[in-house]
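Analysis of the macromolecular model
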Amino acid sequence: MKINKEKATGEIYYNDKGKVYYSYVRFDVLKMIPEGVKIILDVGCGEGHTSAEAKSSLKASVAVGVEPYLPAALIAQKYLDRVLTSDIEVLDLDYPEGYFDCIICADVLEHTRDPWSVLKKLYYYLSDDGYIVSSIPNIQNYLVIKKLLTGKFDYEDSGILDKTHLRFFTLNTIKKMFDETGYEILKIDYNLNSGWKLNLLNKITFGKLTPFSVFQYLILAKKRM
């Protein structure tokens, strides 16, 4: 299992003009996708820009999106081959076993009631040599711990404590979830949001504080055969 310590780039939530996360290309997620994938399932595809970019830059031939938010799904239909406007937890995908060689779950699993069941469902549709790419917020981040130390756990409009998050994960619980659902993690990357003081302390401690600096983990996994 390879851990890439380079900070990923990619705007995720809100910018200064109020554009929301589903209108971005997730370049940090794209960096995790190996070359050679041909058929993509993008769960929580938003407006479809990330998978559309994957079709362009990675030369994928087919991109199917799943997006429950109708305004975003309607835009995604312009870019993807098919968009299913539904919740992945209740959706019956009408595709054969092993059809997709890349499944993207970018900031999706934490929004589901049972992410373990979602990963098991997606396992059926992933080819034996395919990949699943996921991004998951890190509840171990120092900003959350700082709030807990003052007795606060206030939900927000976006970020780690997004009010729509139903599940929370650390790196260890992410690893456990993928292991329990039949996957082998190949690579871990991350996005950081720490200040200079924590960065300095992290260097002094030879990276031992990295889990507290990580805002979001990026996971590349495959079926465990």
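On a predicted model such as this, the values are computed, not experimentally measured, just so you know. (Residues numbered from 1 in each chain as written. Predicted model: local features only at pLDDT ≥ 70, side-chain atom pairs only at ≥ 80, totals over all residues. Heavy atoms only, no water.)

1. Let's talk about the overall build of the protein
So the rule is basically this: Elements are defined by DSSP. Helices are runs of H or I of four residues or more, strands are runs of E of two residues or more, and each kind is numbered from the N terminus. Per-residue accessibility, obtained with a 1.4 Å probe over protein chains only, is compared with the maximum for each type, and a residue is labelled buried under 20%, exposed over 50%, and partly exposed between these values. Contacts: residue pairs with any heavy atoms within 4.5 Å of one another. Here, Shrake-Rupley sampling with a 1.4 Å probe gives the accessible areas, and only protein chains in the shown set may cover a residue. Positive: Lys, Arg. Negative: Asp, Glu. His and the chain ends are not part of the count. For this purpose, a charge sits on NZ of Lys, CZ of Arg, CG of Asp or CD of Glu.
When helices and strands are counted, the protein shows eight helices and eight strands. C-alpha atoms of the protein, sized along the principal axes, occupy 50 × 40 × 30 Å. The 225 residues of the protein split such that 49% are buried. Across the protein, every contact between residues at least 6 apart in sequence was considered, and the portion connecting residues at least 24 apart equals 70%. A total accessible area of about 11,400 Å² is found for the protein, and carbon and sulfur atoms account for 54% of it. When the 29 basic and 29 acidic side-chain charges of the protein are each reduced to a single mean position, those positions are 7 Å apart.

2. Comments concerning the environment of Tyr142
If you trace the backbone, Tyr142 turns up in helix 5 (residues 142-149). What makes Tyr142 partly exposed here is its relative accessible area of 26%. Tyr142 sits 34 residues away from Val108 along the chain, and the two C-alpha atoms are 22 Å apart. Among all residues touching Tyr142, those that are not within four sequence positions of it are Asn193, Ser194, Gly195, Leu198 and Phe212.

3. Considering the packing of aromatic side chains
The following threshold applies: Working definition: rings of Phe, Tyr and Trp (its six-membered ring) pair if their centres are within 6.5 Å, and the pair is stacked with planes under 30 degrees apart, edge-to-face with planes over 60 apart, and tilted otherwise.
Applying the stated criterion across every chain, the model contains 10 aromatic pairs. Seen from their ring centres, Trp116 and Phe169 are 6.3 Å apart, and the 55 degrees between their planes marks the pair as tilted. Pair noted here: Trp116 is in helix 4 (residues 115-125) and Phe169 is in the loop between helix 5 and helix 6 (171-180), with a separation of 53 residues, a long-range link. Taking relative accessible area as the criterion, Trp116 reaches 26% and is therefore assigned partly exposed. You can call Phe169 buried: its relative accessible area is 4%.

4. Regarding the pattern of salt bridges
The test is simple: One side-chain nitrogen of Lys or Arg within 4 Å of one carboxyl oxygen of Asp or Glu is enough to make a salt bridge.
Using the criterion set out here, one finds 10 salt bridges in the structure. The residue Lys223 makes a salt bridge to Asp128 at a minimum N-O spacing of 3.5 Å. Of the two residues, Lys223 sits in strand 8 (residues 214-223) while Asp128 sits in strand 6 (residues 126-137), which places them 95 residues apart along the sequence. On the basis of relative accessibility, which here comes to 4%, the residue Lys223 falls in the buried class. Classification of Asp128 as partly exposed rests on a relative accessible area of 49%. Residue Arg224 pairs with Asp179 through a salt bridge whose shortest N-O separation is 3.2 Å. Pair noted here: Arg224 is in the segment after strand 8 and Asp179 is in helix 6, with a separation of 45 residues, a long-range link. You can call Arg224 partly exposed: its relative accessible area is 39%. By relative accessible area, Asp179 is classed as partly exposed at 43%. A single salt-bridge network, built from bridges that share partners, covers Arg26, Asp28 and Asp107.

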